[in-house]
Amino acid sequence: MSSDEVNASGAGVEVDRMAGAVPEPGSVKSDPILIADGVRRSFGGLTAVDVKHLEVQRGTITALIGPNGAGKSTMFNLLTGFDRVDGGRWSFEGKQINGRRGHQVARAGMVRTFQLTKALTRMTVLDNMLLGAPGQVGERMAGAFLRPVWGRQEKANTVKAMDLLERFKLIDKRQDMAGSLSGGQRKLLEMARALMTDPSMIMLDEPMAGVNPALVQSLLHHITSLRDEGKTVLFVEHDMDVIMGISDWIVVLAQGQVIAEGRPSDIRSNQQVIDAYLGAQEVEGEAQGSGDD
Ligand SMILES: Nc1ncnc2c1ncn2[C@@H]1O[C@H](COP(=O)(O)OP(=O)(O)OP(=O)(O)O)[C@@H](O)[C@H]1O
Ligand SMILES: [Mg+2]
């Protein structure tokens, strides 16, 4: 067993990927891949997101947690160009990317999955993957002039898709309609599809929700492997065991604002977090049923 596996299970010596980051809202990181300032979004009179300063450390698993309605998904939508901010700017890999649309953000190397999976159910698993390949729509038009290049590109995309399906244990399902997959397999498909563009950062919105325990283990393994390959993972999750078990850093959102940041040990003992979130989680956990597959 490698030291990282021991670390992921919470039993081994901690590897500090956070290099001295101070556990406080807006905390500065030594090697941030993403830096956001003044990100705001309101819906009518409701302020969904109002994040003053946020940095995500490169090569880490960072969890974004908070009670229902805290603004986690809205923050994802804003950062990845799926919704428009009322104010704010952010840079990714040193490039300012606010104002860019989803596909442009993906091209810059930042991809996301959705809380409700967006697999196209009447399309095969393999075609869903190919749809995730870089520059699908626009370049298909130009393709008439670039037929030989396009052929090579398509072949390369198919090879990459097959490799990812193998890795995510979906290879036997490649010709099945995505709609026939279980909820958990769709989550895996979404994650695999997001990797088609070779992102340096992947944002997962509740990747474990509604997934059976066996697949949760496999998803956790994929998440830690992505980090260990050098990718940055930002994920939204409600399960405290999962969060505490795999995160290098945790950002706590409540009513759109970052109320705390820190390592799992900092967050576990933070009274404000316990009041805003962990207390509510207990109740919510009891009310929630088991996964759908
Ligand atoms: N398109 C929208 N129109 C109006 N209100 C919205 C919209 N999207 C989100 N909201 C509101 O903004 C707030 C933040 O929602 P968001 O979905 O970001 O929360 P969340 O932290 O992801 O919650 P959950 O844990 O339940 O997924 C909520 O009050 C929500 O009702
Ligand atoms: Mg959400």
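You'll find the structure just up there.
Residues numbered from 1 in each chain as written. Chains lettered and ligands numbered in written order. Predicted model: local features only at pLDDT ≥ 70, side-chain atom pairs only at ≥ 80, totals over all residues. Heavy atoms only, no water.

**Re the coordination of the magnesium ion (ligand 2)**
For step 1, the next point in the chain: Binding of the magnesium ion (ligand 2) to the protein goes through Ser73 (OG) and Gln115 (OE1), at separations of 2.0 to 2.2 Å. Of this pair, Ser73 sits in helix α2 (residues 72-79) while Gln115 is found in the loop between β6 (110-112) and α4 (125-131), placing the two residues 42 residues apart along the sequence.
For step 2, the next point in the chain: Taking relative accessible area as the criterion, Ser73 reaches 22% and is therefore assigned partly exposed. (Donors = N, O, S within 2.8 Å, 3.2 Å for Na, K, Ca; no water. Helix = DSSP H or I, 4+ residues; strand = E, 2+ residues; numbered from the N terminus. Buried < 20%, exposed > 50% of the residue type's maximum accessible area, 1.4 Å probe, protein only.)

**Some points on helix α7 (residues 183-194)**
For step 1, the next point in the chain: Compared with the 16 Å implied by 1.5 Å per residue over 12 residues, the 17 Å span of α7 between its first and last C-alpha is a close match.
For step 2, the next point in the chain: The element α7 is extensively covered by neighbouring structure, given that 10 of its 12 residues are classed as buried.
For step 3, the next point in the chain: For α7, every residue scored as buried is listed here: Gly184, Gln185, Lys187, Leu188, Leu189, Glu190, Met191, Ala192, Arg193 and Ala194. (Expected span 1.5 Å × (residues − 1).)

**Some points on the pattern of salt bridges**
For step 1, the next point in the chain: Inspection of the entire model under this criterion finds 13 salt bridges.
For step 2, the next point in the chain: Arg17 is the partner of Asp228 in a salt bridge, and the nearest nitrogen-oxygen pair spans 3.8 Å. Here the residue Asp228 occupies a position in helix α8 (residues 213-228), and Arg17 occupies one in the loop between α1 (3-8) and β1 (32-43), the gap between them amounting to 211 residues.
For step 3, the next point in the chain: We note a salt bridge from Lys52 to Asp50, for which the minimum N-O separation is 3.4 Å.
For step 4, the next point in the chain: The buried category is assigned to Asp50, whose relative accessible area is 17%.
For step 5, the next point in the chain: Residues joined in a network through salt bridges with shared partners are Arg17, Arg227, Asp228 and Asp248. (Salt bridge = Lys/Arg side-chain N within 4 Å of Asp/Glu carboxyl O.)

**Some remarks on the pairing of strand β4 (residues 87-92)**
Residues in a regular strand project their side chains so that they alternate between the two faces of the sheet.
For step 1, the next point in the chain: As paired strands, β1 and β4 are joined by 5 bridges and run antiparallel to one another. Looking at the pairing, Arg40 lines up with Gly87 of β4.
For step 2, the next point in the chain: Where β4 lies against strand β5 (residues 95-96), 2 bridges are found, and the strand directions are antiparallel. Counterpart to Phe92 in the pairing with β5 is Lys95.
For step 3, the next point in the chain: In this antiparallel pair of consecutive strands, β4 and β5, the connection spans 2 residues, and Glu93 shows a positive phi of 50 degrees. (Pairing = 2+ DSSP bridges.)

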